[in-house]
Amino acid sequence: RFFLYVLLPLLLVAPGIADAEQPDFPIFFTEQANIAIDGSADDWPVALPCFLSSDSQIRSGGRKNPQDFTVSVRLFFDANNAYLFADFADVTPLNNPFAGNDIYKGDALEVYLGFHREDEATAFGAEDVQFGLGLSGKDVETWIWTKGQKLAGQEEMKIAPKDGGYALEARIPLTKFTPTALKSGDPVWFDFAADNNDGGADRATQL
């Protein structure tokens, strides 16, 4: 009905590196979203999912089989917020005792966002941000690696355990990033990485 498209080039697992052959990827944008951050996507717009499931996407460690750890992530924006919904299949769910810079060692979702056109970028720019959401049975631990600090603001996050894994829903104000507001047609680069910990001192898998 009132949803508009923003064209977003889709990058997977290699933050900051643009693929010139990757076509633009459409994602929903609306001036003001009205959804409950409750761990359910029942009230979400039809945001296209990004799948982290293939063995070809493993960048660190390994897994016995794909059923042990896979993730699908959906992303959309309104004028002042980013919305994330991640659906995790995980046989050892919500293992993350780490904080700050080390949250990637536990169960976590890493997110890269870039708010400008960068046809041949090979490194972070001034308008890029990489942040993580550390996921445990207690709470969501946040960290912005490009700023060396927590999100620590008006974000809303909810973890919903389920059979065979869990879901994460989040609303993150764009005041944490640059720019602080978006409009229909703005380009945004994005990239996800998912970390899995099976109870050890470091992550067992990164997709």
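Throughout what follows, the structure given in this document is the object of discussion. (Residues numbered from 1 in each chain as written. Predicted model: local features only at pLDDT ≥ 70, side-chain atom pairs only at ≥ 80, totals over all residues. Heavy atoms only, no water.)

Considering the pairing of strand 8 (residues 128-135)
Move 1: By the criterion of burial, strand 8 is predominantly enclosed, with 8 of the 8 residues buried.
Move 2: Where burial is concerned, the two faces of strand 8 agree: the one with D128, Q130, G132 and G134 and the one with V129, F131, L133 and L135 are both buried.
Move 3: Inspection of the sheet shows strand 7 (residues 108-114) paired to strand 8 by 7 bridges, in the antiparallel sense. Looking at the pairing, A108 lines up with G134 of strand 8.
Move 4: Examined bridge by bridge, strand 8 and strand 9 (residues 140-144) share 5 bridges and lie antiparallel to one another. Opposite L135, over in strand 9, you have V140 as the bridge partner.
Move 5: Count of turn residues in the strand 8/strand 9 antiparallel hairpin: 4 residues. (Buried < 20%, exposed > 50% of the residue type's maximum accessible area, 1.4 Å probe, protein only. Helix = DSSP H or I, 4+ residues; strand = E, 2+ residues; numbered from the N terminus. Pairing = 2+ DSSP bridges.)

Quick word on the packing of aromatic side chains
Move 1: Counted under the stated rule, the structure contains 7 aromatic pairs.
Move 2: With 5.4 Å between their ring centres and 25° between their planes, F131 and F177 make a pair best called stacked. Pair noted here: F131 is in strand 8 and F177 is in the loop between strand 11 (165-173) and strand 12 (189-196), with a separation of 46 residues, a long-range link.
Move 3: For the pair F190 and F192, a centre-to-centre distance of 5.5 Å together with 55° between the ring planes defines the contact as tilted. Residue F190 shares its accessibility class with F192, and that shared class is buried.
Move 4: Put simply, the rings of W44, F76, Y83 and F85 pair up and form one aromatic cluster. (Phe/Tyr/Trp six-rings, centres within 6.5 Å; stacked < 30°, edge-to-face > 60°.)

Here we look at the pairing of strand 7
Move 1: Where burial is concerned, most of strand 7 is hidden: 7 out of the 7 residues are buried.
Move 2: Side chains of strand 7 alternate between two faces, with A108, E110, Y112 and G114 and L109, V111 and L113 buried alike.
Move 3: When strand 7 meets strand 12, the two strands line up antiparallel, connected through 7 bridges. Residue G114 lies in a different strand from strand 12, and its bridge partner there is W189.

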